[in-house]
Amino acid sequence: MNLRDRQAERAIWARVRRELKASPALWSEYRRARTKVRRRLGDSWLVYLLIPVLGYIWIQGLINVSGEVWPALAVVAFWFLGVTGSSALSILTRLYDGVAVAACCHLPLTDAQVFEARWHGQFRRALWLSLLYLPVGIAMGGHGAEGWGNGLLLTVLPSCQYLVAFAGAVHLAAWAPGWGRTLFLGGCGSALVLLWGGSRYLDRLGPLVEAGNWLPPFGWFNQVVYRGVMGGVPMALVLLAPLVVVLLTLPRAWRRLRDDYRLGEPAYDPAGAGPEGEMVDATTEAPVESRAGGEVAALTTGAWEAELGRIERWVYRRCWTPREREVAEFFLGETREWTGSFGRLVWAFPVAVAAILGLGAYGPTAVFLAILFTVSLGVPLFGGHWRGFDTRPTGGMFSPVHAVYPIGFGEMVRVMLKANLLRVLLGAPFVMALAALGSWRLTGDAGLGLGYALKATAVYLAAMPVILVLRCSSATNDTQRPRFWIILVVSLLMLVSLAAGFSVFVAAKALHAGLGLVVGACANASILVAYGWAWNRGRFDLLTPHAEDELNQ
């Protein structure tokens, strides 16, 4: 913590250092964890180190195959387009989510102070991460045909690109936060396609390479470096104009983030303190009235429903009972997520069709990835995101938010089941169409892929009870010291479910496949019933030693 007082910081550090040295165990732990790089990057620093190492290997292999730097520059352009999206998501997560942000709600800090503290941490982290891309630049700078000066320029190029990506992420988080995930999937996916196919199909991937080298703004940046500085073409420097605009408008985007920043709970306001030091809540709301018998509580007086997207509003009115609407309003904690994900699915569908038609000749891997990335945008493959399951620190452990509210297991499951079934049915036509197109592109038989897509959708629906159990189990201690008979029963049911799901795909007759589907659905439903029985009888606590959102810190 920066106290803005050097003398006080030195005095505090001298006292802390004496106490640390007095205990060999504490001093050893301090020496192990004092590295600034680890403190800046977090606990996942090994993952961050793995990225540039793999990047160096792949980029070097791509340069060796092509003999030129251009394909590698295209990979860098696509990759940092994806990094822009992921960095925007990281900025928003660090500002609005996580245990540290929740703790700030209980400290005498204003929203502006919390924003500056969270922002400075993200900025320092970006500076450290930019240095990790130097190995990727070494692979390009060591090409040997540009001379030592130009080679040095290519060496620092990826680090500079990362800083440009971070600047773009600030703009994205301020003006268009919903595009973060789309840019991440599109940019990094295209970079992986070039890396995967560059050694074998580089001649066929020429249009994709050319598109990456003109991709704004990262491809333009590469053009300036490669043509304007290294190639001696002064007119290429004109392409720096958009980058200059991005950097000049960066303070405005940062101010927008700061001015719009609000914590989820009322923060400390110096103007709201009374003469005796008591806090005066200026945001007093009308009392919430709730009638017994499962009737609708006047939680938001209709404002929440007015902000819902089309899919959420339809489910809210047609599928949920009044009590389930209250539970859903608490568990969602946000609006338009499903409608937004379905909109991304619609926009990604033609891109996936083009990818299958263009890259399907390279093998089933490209077809599978195109279908998987597209479907994951709109279908809740792992049960969907429900903010009521987010964990918060409680007495040295972590407890889900819903644990402090009178919500039963059956109510949670019914709300999630109804919503997920509708989302799967909305996404199923896209799955069928892409599977049929991919099968036709690979084998010439569209019916084969359509049949497998129908079976996969049916098996996924049959497995929905187990998916919901895993979602509820993520924030409990049910796996600590479980009883033997529970392990035996659940293991047997899981084996029956897996065997039944496998039989759906390998059965020669439709009757046998249908029978396997019914058996698997019954086994999964039995697991849900058994888990609900244990939940309602207090067989485990709603506590876990790890935070569910600890990776977002």
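This write-up is about the structure you can find in this document. All values derive from a computational prediction rather than experimental measurement.

Reading the values: rules and limits
- For every chain, the first residue of the written sequence is number 1, and numbering continues from 1 onward in sequence order.
- Where local features are concerned, this predicted model is filtered to residues with pLDDT of at least 70; where side-chain atom pairs are given and counted, the filter is 80 or more; whole-chain, interface and lining totals use all residues.
- Note that the side-chain values use all heavy atoms of the structure and ignore hydrogens as well as water.
- Working definition: helices are DSSP H or I runs of at least four residues, strands are E runs of at least two. Numbering for both runs from the N terminus.
- Take the residue count of a helix, subtract one, and multiply by 1.5 Å to get its expected span.
- Relative accessible area decides the class of each residue, using a 1.4 Å probe on protein chains only: under 20% of the type maximum gives buried, over 50% gives exposed, and in between gives partly exposed.
- Directions are taken from the helix axis to each C-beta atom, and the arc is the one they span.
- Residues are treated as being in contact if the distance between any of their heavy atoms lies within 4.5 Å.
- Ring geometry is summarised as follows: Phe, Tyr and Trp rings, the Trp one being its six-membered ring, pair when their centres sit within 6.5 Å, and such pairs are stacked at plane angles under 30 degrees, edge-to-face over 60 and tilted between the two.

1. Some points on helix 19 (residues 364-378)
Between its terminal C-alpha atoms helix 19 stretches 22 Å, which fits the 21 Å expected from 15 residues at 1.5 Å a residue. Regarding helix 19, the residues found buried are A366, V367, A370, I371, T374, V375, L377 and G378. Buried positions in helix 19, seen along its axis, are confined to an arc of 150 degrees and lie on one side of it. Of the exposed residues in helix 19, those oriented more than 90 degrees away from the buried face are P364 and F368.

2. Let's talk about the side chain of E324
Secondary-structure assignment places E324 in helix 17 (residues 322-332). Judged by its relative accessible area of 5%, E324 is buried. Leave out the neighbours within four places in its chain, and E324 touches C319, R414, V415 and K418.

3. Remarks on the packing of aromatic side chains
How two aromatic rings sit relative to each other is set out by the distance from centre to centre and by the angle between their planes. In this structure the tally under the stated criterion is 16 aromatic pairs. Ring plane angle 25 degrees and centroid distance 6.4 Å describe the contact between W119 and F123, whose orientation is recorded as stacked. Placement of both W119 and F123 in helix 7 (residues 111-131) is noted, with a separation of 4 residues, approximately one turn of the helix. Overall, F123 belongs to the partly exposed group, its relative accessible area being 35%. The interplanar angle of 50 degrees and the centroid separation of 6.2 Å between the aromatic rings of Y531 and W535 together place this pair among those described as tilted. Taken as a pair, Y531 and W535 lie in helix 24 (residues 510-536) at a separation of 4 residues, close to a single helical turn.

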